[in-house]
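# Examination of the molecular architecture
In case you want the letters, here they are:
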Amino acid sequence: MALTPARTMPGVLELLPLDQIAFQRMLDTIRRNYERFGFLPVETPAIEFADVLLTKTGGETERQVYFVQSTGALDSTGEEAVRRMAALAAGSKADESMESLIQKMHKLAFPTPDLALRFDLTVPLARYVAEHERDLSFPFRRYQMQRVYRGERAQRGRFREFYQCDIDVIGKDSLSIRYDAELPAVIYSVFRELAIGPFTIQLNNRKLMRGYFESLGVADPEQQMLVLREVDKLDKRGADHVRDTLVGEGFGLSPAAVEKILAFVQVRSSSLQDAYDTLDALGAGPEALEQGRAELKEVLGLIHAFGVPETHYALNLSIARGLDYYTGTVYETTLNEHPQIGSICSGGRYENLAGQYTKSHLPGVGISIGLSRLYWQLREAGLVGTAQSTVDVLVTQMDESQLPAYLALAGELRAAGIATEVVLEGGKLGKQFKYADRAGIRFAVVLGEDELAKGVVTVKDLRRGDQFEVVRAELVKTLRVELEQAAAMG
RNA sequence: GUGGACGUAGCUCAGCUGGUAGAGUCCCGGAUUGUGAUUCCGGUCGUCGUGGGUUCGAGUCCCAUCGUUCACCCCA
C-alpha cells in the first residue's frame, strides 16, 4: 500500500515539544504584560463571513484571503450552477441587456464562497466592536493573541498561518492621543521581559509626513500615500533606490523636492530632547504638519513619563507603514543588534475603525506583535534555544515490585506542585536516563534497593551530570530548592 | 499575481566530460550484573520528484509536469 507522505503545507510553523514550550513561554509573557496594563482578553472565530472580512479592503487583501467552503456546500460538478443559469436565462426579461445577463451568469459560474479565514485581528476587532457596541465599556481595551491566515507564497520568515498578539484601545466618538503613548510602554515592558536584547520602538506620524509632502507641492492624498509607501522602504532598499523611484515617471517629482523628502525621512532622533529639537527645526508648515508635530511631541513626552528609557524609543521619520487605514501615529520596533530581522512589532492610530459596520465613530490605536515571525527569527539568529521540559522530575523504575512506592512518591511531588512523570514500563536504567535527557527533563529520581536500605533517594541532575542522595523525607524540599535555582539560572 | 533558482536516504549534501548510487547526521542495537548526553563497534533506510524522449546504456543530456525555494508586490 502506498503511504501518504506526512507533511504540512509550506508557511506553517509546527514545533517539537521543547520548542513549543519556548514559544508558549513567550506567549505567556506577552499575555501577562498585556493584562498587567489592564487589557481585556478577546477571542474571535478563525472563520468569518467572507463579506464581513472583505467589506473595505478589496484588491490586495482579497488576493491573500483563504476562502472556506464546507464540502457539502461545494458544487463540485458545476451541475447546480448550470441549472441556475438555465433558470436565469429562461426567466430573464426580453429587454435585459446581454451584458447584465453575462454578469449574473458569471457570478453563478464562479461563486465566491460565503466564508473566509481572518487575515488579521484588526478587521475582526472592528466587527466585534460594532456587533457588541452596546455591551462594551469605552474606551475599550482589548488584547487578542490568535492565529491569522494569509494565502501568500511562503518566504523566509513569512507564514501562511501565524500568531498575532494585538492590543488596541477603541474610543467612542473620540480617543485621547495619550493612548498612543501607552502602547509603546506596554511593548517596552513585554520586550524587556522577553529578554531579546536591546530594541528600539520607532515612531512617526502620518499627519506630519503628509503635511511636509504638502508643503513640497504633493497635495493629492493618493499621491501622498504612494510617496509614504515608497519612503517606508528607505531602510530596506537604500536612499538611491527611493530617489530613483520618486524622480522616475510613476511619481515625476522634481529632484529638489525629492532631495528634501530624503533629508526629511532620514531623521532619527538620539534622545527625547533631540527629537523635540528636530521637530521644531522643521519650521512652520501646513496645518497637517503642525498637528502631526504637536501629536508627536506629546506622545514622545508621555512615553518618557510612562517610564520608557530614552534608549528604547526614537523618532524615525521614514516609518510609514503600508496600510492605508493609519491616520496618525505609526510604530515599528526593531532589534538594535539585528536590524536585518526587520520590524517585529508595529501598528498605529486609525481615525475610524468600524466605519463599514456601524455609523458610530470609533477611533482607535493598536499595535501587534507577530509572534511566529519573532520567534522564528530569534531562533534563526540563535537568540532563543530549546526550553526545558514542562516535566520537572522523572521518577525512574528500578524495581518493578516497588511501583506503588514510586507512585506514592510521585503523588507527593505533585502535591507540592512539582510536575512529575513516573516510568511505568521499566527497562534498563540507562534507557530511562536517556529518555529523560532527550525529553528535556532535568531531574531523575532513583529509588532502588540501596536507597531503600538507607532510607534515602538518589537525585540525578541530567544537565549538570552529577547526582546526590537525600533523606527520603527531605526530597520535596530539596527538589524545590533545586528547581528554583534551575529556574533562576534559566 | 510577476520573474529567477533548485529537486539524490528522515535531515544536510557529494556524485568529475552519460556506464545500473555514496558521506555525515539522525534513528536502532552492542561495549559485565543500577547511570543518559561524550567515545568505540555494528545495523536499517533510497524504483536519484513524476512522465516522456535521445542513447547499447541517464542521477548525469532534452522536453513537459508537479513540487520546493528566493526576489518583487504586500505584510507580522
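Going by the structure above, here's the rest.
Since the model is a prediction, treat every value here as computed from it, not as a measurement. (Residues numbered from 1 in each chain as written. Chains lettered and ligands numbered in written order. Predicted model: local features only at pLDDT ≥ 70, side-chain atom pairs only at ≥ 80, totals over all residues. Heavy atoms only, no water.)

The secondary structure content of chain A amounts to 19 helices and 16 strands. Here chain A holds 490 residues, and the buried ones make up 47% of them. Considering only contacts in chain A between residues 6 or more positions apart, those separated by 24 or more positions represent 69%. Carbon and sulfur atoms form 52% of the exposed surface of chain A, whose accessible area is close to 25200 Å². Measuring between centres, the 56 positive side-chain charges of chain A sit 1 Å from its 67 negative side-chain charges. (Helix = DSSP H or I, 4+ residues; strand = E, 2+ residues; numbered from the N terminus. Buried < 20%, exposed > 50% of the residue type's maximum accessible area, 1.4 Å probe, protein only. Contact = heavy atoms within 4.5 Å. Areas by Shrake-Rupley, 256 points an atom, 1.4 Å probe, with all protein chains shown as cover. Lys, Arg positive; Asp, Glu negative; His and termini not counted. Charge placed at Lys NZ, Arg CZ, Asp CG, Glu CD.)

Here Phe-138 and Pro-139 are connected by a cis peptide whose omega angle stands at 0 degrees. Following the sequence through the fold, Pro-139 ends up in the loop between α6 (122-132) and β5 (140-149). If you check the backbone angles, Asp-173 has positive phi at about 70 degrees while not being a glycine. Here Asp-173 lies in the loop between β6 (161-170) and α7 (179-194). Exposure remark for Asp-173: the relative accessible area of 54% places this residue in the exposed category.

Another aspect to go through is the sheet that holds β5. Reading across the sheet, the eight strands line up as β1-β5-β6-β11-β10-β9-β7-β8 and stay open at both edges, with mixed pairing between neighbours. The open sheet is flanked by β1 (40-41) and β8 (313-315), the only strands paired with a single partner. In the packing of α7 onto the sheet, contacts are made with β5, β6, β7 (199-205), β9 (329-335), β10 (345-350) and β11 (364-370), and the angle to β11 comes to roughly 20 degrees. With respect to the sheet, helix α14 (residues 287-305) is in contact with β7, β8 and β9, its orientation differing from that of β7 by roughly 155 degrees. (Pairing = 2+ DSSP bridges. Axes fitted to C-alpha atoms, helices over the stretch in contact; angles between N-to-C directions.)

Residues Phe-443 and Val-445 of strand β14 (residues 443-446) are buried on one face, and the alternating residues Ala-444 and Val-446, pointing to the opposite face, are buried as well. The pairing of strand β12 (residues 393-395) with β14 spans three bridges and is classified as parallel. Each residue of the ladder has a partner; that of Val-393, found in β14, is Phe-443. Two strands pair when backbone bridges link them, and β14 and strand β15 (residues 456-461) are joined in this way by four bridges, in the antiparallel orientation. For Val-446, the partnering residue across the bridge sits in β15 and is Thr-458.

In the vicinity of RNA strand B there are 40 residues, among which Arg-150, Arg-158, Arg-321, Asp-450 and Leu-462 approach most closely. Considering RNA strand B, the proportion of its atoms within 4 Å of the protein that are sugar or phosphate atoms stands at 48%. Within the side chain of Lys-460, one N or O atom sits 2.8 Å away from a base oxygen of RNA strand B. Going through the elements one at a time, β6, α10 (234-237), α17 (429-438) and α18 (449-454) are the ones with two or more residues in the surface near RNA strand B. The biggest single contributor to the surface near RNA strand B is α17, with seven residues. Across the surface near RNA strand B, the residue classes tally to ten nonpolar, ten polar and 20 charged. (Near = heavy atom within 4 Å. Polar contact = N/O pair within 3.5 Å; in protein donor to acceptor, adjacent residues only side chain to side chain. Nonpolar A, V, L, I, M, F, W, Y, C, P; charged D, E, K, R; others polar.)

Time to look at a positive patch on the surface. On the surface, a cluster of positive charge is contributed by Lys-428, Lys-431, Lys-434 and Arg-438. Looking at Arg-438, the relative accessible area reads 67%, which means it is exposed. (Patch = residues over 30% accessible without salt bridge, like charges linked within 9 Å, V, L, I, M, F, W, Y side chains within 5 Å. Salt bridge = Lys/Arg side-chain N within 4 Å of Asp/Glu carboxyl O.)

Strand order in the open sheet formed by five strands is β13-β12-β14-β15-β16, and the pairing between neighbours is mixed. The sheet terminates laterally at β13 (420-422) and β16 (466-471), the two strands that pair on one side only. Ignoring which end each strand starts from, the neighbouring axes of this sheet average 25 degrees apart. Along the sheet, α17 contacts β12, β13, β14 and β15; its crossing angle with β12, the most-contacted strand, is approximately 160 degrees.

Under the definition given, this model contains 24 salt bridges. As a salt-bridge pair, Glu-133 and Lys-172 come within 3.2 Å of each other at their nearest N and O atoms. Here Glu-133, found in the loop between α6 and β5, pairs with Lys-172, found in the loop between β6 and α7; they are 39 residues apart in sequence, far enough to count as distant. Judged by its relative accessible area of 7%, Glu-133 falls in the buried class. The residue Asp-280 makes a salt bridge to Lys-297 at a minimum N-O spacing of 2.8 Å. Of this pair, Asp-280 sits in helix α13 (residues 272-281) while Lys-297 sits in helix α14, and the two are 17 residues apart along the sequence. A residue is classified by how much of its surface remains accessible, and Asp-280, at 43% relative accessible area, is partly exposed. Three or more residues are tied together by salt bridges with common partners; here these are Arg-442, Asp-461, Arg-464, Asp-466 and Glu-482.

Formed by 80 residues in total, the largest nonpolar core has its most connected members in Tyr-34, Phe-191 and Ile-369. Tallying contributions element by element places α7 first for this core, with nine residues. Look past the residues within four positions of Phe-191 in its chain and what remains in contact with it is Ile-196, Phe-199, Thr-333, Ile-344, Cys-345, Ile-369 and Leu-374. Membership of the second largest hydrophobic core comes to 19 residues, among which are Val-395, Ala-410, Val-422 and Phe-443. (Core = buried A, V, L, I, M, F, W, Y, C linked by side-chain atoms within 4.5 Å.)

Within the secondary structure layout, Glu-380 lies in helix α15 (residues 371-380). Taking the C-alpha atoms as reference points, Glu-380 and Ile-341, separated by 39 residues in sequence, lie 9.8 Å from one another.

A word on the side chain of Asp-168. Within the element layout of this structure, Asp-168 appears in strand β6. In terms of polar contacts, Asp-168 uses its side chain to reach the side chain of Arg-142, at 2.8 Å. Polar side-chain contacts of Asp-168 include one of 2.3 Å to the side chain of Tyr-350. The contact partners of Asp-168, leaving out residues within four places of it in the chain, are Phe-39, Leu-125, Phe-140, Arg-141, Arg-142, Tyr-350, Val-365 and Gly-366.

Further remarks concern the packing of aromatic side chains. This model, assessed by the stated rule, comprises ten aromatic pairs. Seen in terms of ring centroids, Phe-23 and Tyr-163 are 5.4 Å apart; in terms of plane orientation they differ by 55 degrees. Their pairing is tilted. Here Phe-23, found in helix α1 (residues 17-36), pairs with Tyr-163, found in strand β6; they are 140 residues apart in sequence, far enough to count as distant. Owing to a relative accessible area of 19%, Tyr-163 belongs among the buried residues under this scheme. For the ring pair Tyr-128 and Phe-140, a centre distance of 6.3 Å and an interplane angle of 15 degrees mean the geometry is stacked. Placement of Tyr-128 in helix α6 and of Phe-140 in strand β5 is noted, with a sequence separation of twelve residues between them. Here Tyr-128 and Phe-140 have matching classes, each one buried. (Phe/Tyr/Trp six-rings, centres within 6.5 Å; stacked < 30°, edge-to-face > 60°.)

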